[in-house]
Amino acid sequence: MTTSPDLTTSAALFARATRVTPGGVNSPVRAMGSVGRTHPPFIVSGEGSRIVDADGNSYVDWVQSWGALPLGHADADVVAAITRAAGLGSSFGAPTPAEVELAELIVDAVPCAELARFTSSGTEATMSALRVARAATGRDAFITFDGTYHGHADPFLAAGGSGLATLGIPSSPGVPAATAELTLLATYNDLQSVRDLAEASAAGGREIAAIFVEPVAANMGVVEPAPGFLEGLRAIADEIGALLVFDEVITGFRLGWGGAQVRYGVTPDLATFGKIIGGGLPVGAFVGRRDLMSLVAPSGSVYQAGTLSGNPLAMAAGLAQLNALRERDAYTVLEEQGARLEATIARAADDAGAGSTTAVSRVGSLVTLFHLGVEQHLAPQNFTEAKQLDTARFAATHADLLSAGQYLPASQFEALFASTTHDAQMLEQLGDALRVALAQPVEVA
Ligand SMILES: *Cc1c(COP(=O)(O)O)cnc(C)c1O
């Protein structure tokens with residue numbers, strides 16, 4: 001006899017999920033294990049900046065699908081576009097008009113983009129951009145930065161070797177050492193670390209194909225590029241004959257029309273996109289100079305493909321969201337929303353007496369409250385500093401906020417994403433909840 005499915009509580013859903021899915025989730029951070037939850041809320045609906053879970057709890061959502069939804073959930077224009085597209089057929093595995101329109105929009109808006117190729121995720125976009133960079137330069141090794149995230153393809157799952165070693169080591173079982181050793185980990189905001197690695201690697205017979213960077217690091221908490229950092233990377237890449245690749249999967253069309261490369265005035269050779277350009281549907285894109293992108297099949301011989309790439313629903317959703325962002329002057333609003341969120345968090349921390357043991361970092365609508373654990377009042381500039389953070393304090397704060405109906409990323413190393421739909425009352429509620437949470441002593445387990 002089969003038991004009747006219980007879809008009514010998050011606890012029951014998680015119990016069922018763990019029987020059929022590793023850890024009960026389809027992406028690790030969602031399990032909320034690191035913040036001590038026995039199960040995560042299962043979300044059944046969202047509207048604007050409110051989400052509702054299977055237990056009927058309503059939350060203010062500061063995650064917004066990890067940044068994919070700057071206009072909030074179920075935006076009327078985006079829903080209408082997806083509905084219209086779905087009625088015309090969900091996938092053909094053939095060219096469709098919408099992918100041309102979205103590619104034109106991206107090529108028009110993004111300085112480095114002369115050609116664009118769509119994928120179904122950011123991971124595919126970064127792994128494909130790396131393949132192009134390696135093919136274009138005839139080199140295998142590349143540089144990226146400790147604490148940045150470029151998706152879960154093998155070459156990006158590497159950690160720095162110890163001491164003076166340049167060779168990366170696998171950061172996950174299943175990644176071959178031979179793959180990871182071609183990944184060299186530099187220190188964010190430290191140009192000398194990049195120069196040193198490039199030099200040591202070349203001396204060992206391995207020239208650098210590419211420097212991969214999040215132009216604003218948003219996966220170790222928000223870390224802004226120091227003045228001159230991105231310009232310095234551009235110069236080093238040119239000097240050593242490597243390509244500069246901006247991973248704009250988070251920053252693209254969030255920090256402004258065209259992304260971080262417009263905001264900071266530094267043009268890479270290749271760039272990757274995702275999240276926002278799909279309006280909440282699975283999407284990615286890699287873009288860049290015509291001569292480089294022309295290496296991609298079928299115009300060139302670098303193989304890259306996807307059954308669902310350029311999917312009509314994803315293209316329709318992306319187009320609707322990007323057009324709405326432009327037409328509604330959303331970037332001015334997002335900047336203001338980010339500033340309000342930053343001010344709310346900073347004031348709450350001060351009021352709770354935690355002003356000197358926390359720091360708030362913001363770029364545009366990306367905001368992180370760093371729990372420093374010590375009195376220093378300076379936000380981390382790289383991952384070595386970010387790793388010192390007080391994650392026990394973070395977990396306690398996260399739990400208190402969730403109980404108060406504030407849904408935040410379940411990791412100290414992620415950003416809060418302000419949308420155009422967070423209102424004054426939501427900010428006030430967050431401030432109130434944070435004031436209470438930060439004033440609590442943390443119980444040491
Ligand atoms: C989310 C993210 C990715 C991976 O995108 P997926 O769609 O999750 O595969 C890559 N790079 C950055 C900077 C990201 O934030």
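Refer to the preceding data block for the structure.
Note that this is a predicted model, so its numbers are computed, not measured.

Peer 1: Please clarify how the site of the ligand should be interpreted in this entry.
Peer 2: Near the ligand, the surroundings consist of S121, G122, T123, Y149, H150, G151, E214, N219, D247, V249, I250 and K275. Here an oxygen atom of the ligand sits 2.7 Å away from a polar atom, N or O, in the side chain of T123. Here N219 contributes a side-chain N or O atom positioned 3.3 Å from an oxygen atom of the ligand. Within the complex, the protein chains bury 84% of what would otherwise be the 380 Å² of accessible surface of the ligand.

Peer 1: Could you clarify how one ought to interpret the sheet that holds strand β14 (residues 366-371) in this entry?
Peer 2: The three strands are arranged β13-β14-β16 in an open sheet whose pairing can be described as antiparallel. The sheet is open, and its two borders are formed by β13 (358-363) and β16 (416-417), each paired with just one other strand. As paired elements, β14 and β16 share two bridges and run antiparallel to each other. Note that in β16 the partner of V367 across the bridge is L416.

Peer 1: Could you clarify how one ought to interpret the pairing of strand β12 (residues 284-288) in this entry?
Peer 2: Within a regular strand, the side chains alternate between the two sheet faces. The buried fraction of β12 amounts to five of the five residues, a majority that puts the element mostly inside the structure. Burial along β12 is two-sided: the face carrying G284, F286 and G288 and the face carrying A285 and V287 are both buried. Judged from the five bridges that link them, strand β4 (residues 115-119) and β12 form a sheet pairing that is antiparallel. The residue of β12 that forms the bridge with A116 is V287.

Peer 1: Can you help me understand the environment of G241 in this one?
Peer 2: Following the sequence through the fold, G241 ends up in the loop between α8 (229-240) and β10 (243-247). Judged by relative accessible area, G241 falls into the partly exposed class, the value being 38%. For the pair formed by G241 and A210, sequence separation is 31 residues and the distance between their alpha carbons is 8.6 Å. For G241, the contacting residues outside a window of four places in its chain are T137, R139 and I208.

Peer 1: Help me out: how do you make sense of the packing of aromatic side chains in this one?
Peer 2: Aromatic ring pairs are described here by two measures, namely the spacing of the ring centres and the angle between the planes. If you walk through the whole model with that rule in mind, you get twelve aromatic pairs. Between F253 and W257 the ring centres are 5.1 Å apart and the planes differ by 85°, which places this aromatic pair in the edge-to-face class. One aromatic cluster is present, built from ring pairs that chain together F253, W257, F273 and Y331.

Peer 1: What am I meant to see in the side chain of T148 here?
Peer 2: Relative to the helices and strands, T148 is located in the loop between β5 (141-145) and β6 (158-159). Within the local environment of T148, its side chain forms a polar contact with the side chain of H150, the two groups lying 3.3 Å apart. Not counting residues within four places of it along the chain, the set of residues in contact with T148 comprises Y188, E214, A217 and M220.

Peer 1: Looking at this structure, how should I read helix α12 (residues 330-351)?
Peer 2: Side chains that are three or four residues apart share a direction in an α-helix, a result of its 3.6 residues per turn. The terminal C-alpha atoms of α12, which comprises 22 residues, lie 31 Å apart, in line with the 32 Å expected from a rise of 1.5 Å per residue. All buried positions along α12 are accounted for by A330, Y331, L334, Q337, G338, L341, T344, I345, A348 and A349. Within α12, the buried residues cover an arc of 145° as seen down the axis, which keeps them to one side. Buried residues belonging to α12 abut α11 (312-327), β13, β14, β16 and α15 (424-439). Count one or two residues on from α12 and you reach G353, which has phi positive near 80°.

Parameters and conventions
Residues numbered from 1 in each chain as written. Predicted model: local features only at pLDDT ≥ 70, side-chain atom pairs only at ≥ 80, totals over all residues. Heavy atoms only, no water. Near = heavy atom within 4 Å. Polar contact = N/O pair within 3.5 Å; in protein donor to acceptor, adjacent residues only side chain to side chain. Areas by Shrake-Rupley, 256 points an atom, 1.4 Å probe, with all protein chains shown as cover. Pairing = 2+ DSSP bridges. Helix = DSSP H or I, 4+ residues; strand = E, 2+ residues; numbered from the N terminus. Buried < 20%, exposed > 50% of the residue type's maximum accessible area, 1.4 Å probe, protein only. Contact = heavy atoms within 4.5 Å. Phe/Tyr/Trp six-rings, centres within 6.5 Å; stacked < 30°, edge-to-face > 60°. Expected span 1.5 Å × (residues − 1). Arc of directions from axis to C-beta.

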